[in-house]
Amino acid sequence: QAQVEPHFLFNTLASVRALVRQDPAQAEATLDALVDFLRASIPRFRDDRGLHATLGQQLDLCASYLTLMEVRMGGRLAWSMPVDPALRALPFPPSLLITLVENAIKHGIEPRPGPGRIDVEAQRQGAVLEVRVLDDGAGLQPGLGGGMGLANVREQLDQRFGAQASLRLQPRHGGGVVATLQVPVASAGGIA
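Residues numbered from 1 in each chain as written. Predicted model: local features only at pLDDT ≥ 70, side-chain atom pairs only at ≥ 80, totals over all residues. Heavy atoms only, no water.

Visitor: Would you mind going over the packing of helix H4 (residues 96-109) against helix H5 (residues 148-161) with me for this structure?
Guide: Relative orientation and spacing of two packed helices are given, respectively, by the angle between their axes and the distance between those axes. Contact pair H4 / H5: the axes reach a minimum separation of 10 Å and the direction vectors enclose 155°. By the criterion of interaxial angle, the relationship of H4 to H5 is roughly antiparallel. Our pair here, H4 against H5, has a crossing hand that is left-handed. Of the residues in H5, those touching H4 at Leu 96, Thr 99, Leu 100 and Asn 103 are Gly 149, Leu 150, Val 153, Gln 156 and Leu 157. Looking at the contact of H4 with H5 residue by residue, the class counts come to five nonpolar, four polar and no charged. (Axes fitted to C-alpha atoms, helices over the stretch in contact; angles between N-to-C directions. Helix = DSSP H or I, 4+ residues; strand = E, 2+ residues; numbered from the N terminus. Parallel < 35°, antiparallel > 145°, perpendicular 65-115°, else oblique. Left-handed = near helix turned anticlockwise from the far one by under 90°. Contact = heavy atoms within 4.5 Å. Nonpolar A, V, L, I, M, F, W, Y, C, P; charged D, E, K, R; others polar.)

Following this line, the structure appears as structure tokens:
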């Protein structure tokens, strides 16, 4: 169900190759970040553990990805995850959050010149866990929201939770996008 996108992997390896002679320390930092990301993501694909996760596991996966992208983008990316540690143990479907973070990079930060920022936030509102990915990138573009990644997120939400869960994309005040996932707390990691 989840995948390491080959395009992302090939681009990262090509970046490392280019850096080997120009900036060996940066090449090493990029490789270290790639190894950490792969370590965080690949083992979960091998058995049914990939079907269940906690918010903390998904945040850690996103943090390793953002660290890699921060190194790969040469300091053009800044990010934060100000999430209450008490929320980390809550069940949360795998693959959804990383897809939103990848979209924020691909459609928000990368197309726009200059520095960019991504913030991942979570809060519990009664029986609902709300997780938001905010970027200050290019903003909503015509056709955004209809891609394969977001279609997969919507399908997984529908299969697991039906109408109890949602994904919303909205313009962010001051520029960029806010992607908001809402899932029921009681069964956030399993089938509703």
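Visitor: Before we go on, may I ask you to explain unusual backbone geometry in this structure?
Guide: In most cases, non-glycine residues show a negative phi, while peptide bonds are predominantly trans. For Ser 95, which is not a glycine, the phi torsion comes out positive at approximately 80°. Relative to the elements of secondary structure, Ser 95 occurs in the loop between strand E1 (77-80) and H4.

Visitor: What is the right way to read a nonpolar patch on the surface from this model?
Guide: On the surface, Phe 10, Leu 13 and Leu 31 cluster together to form a nonpolar patch covering roughly 290 Å² of accessible area. In this structure, Leu 13 sits in helix H1 (residues 6-22). Residue Leu 13 is classed as partly exposed on the basis of its relative accessible area of 40%. (Patch = residues over 30% accessible without salt bridge, like charges linked within 9 Å, V, L, I, M, F, W, Y side chains within 5 Å. Areas by Shrake-Rupley, 256 points an atom, 1.4 Å probe, with all protein chains shown as cover. Salt bridge = Lys/Arg side-chain N within 4 Å of Asp/Glu carboxyl O. Buried < 20%, exposed > 50% of the residue type's maximum accessible area, 1.4 Å probe, protein only.)

Visitor: Could you clarify how one ought to interpret the pattern of salt bridges in this entry?
Guide: Opposite charge on two side chains permits them to pair, given that their charged atoms come into close proximity. Evaluated as defined, the whole model comprises three salt bridges. Residue Asp 119 is joined to Arg 117 by a salt bridge in which the shortest nitrogen-to-oxygen separation is 3.1 Å. On the basis of relative accessible area, Arg 117 is assigned to the partly exposed category, the value being 32%.

Visitor: Explain H4 here, please?
Guide: Each turn of an α-helix holds 3.6 residues, which means side chains three or four residues apart point in the same direction. Taking 1.5 Å of rise per residue, 14 residues should cover 20 Å, and H4 covers 19 Å from first to last C-alpha, within 8% of that figure. Among the 14 residues in H4, ten count as buried, and that is most of the element. All buried positions along H4 are accounted for by Leu 96, Leu 97, Ile 98, Thr 99, Leu 100, Val 101, Ala 104, Ile 105, Gly 108 and Ile 109. (Expected span 1.5 Å × (residues − 1).)

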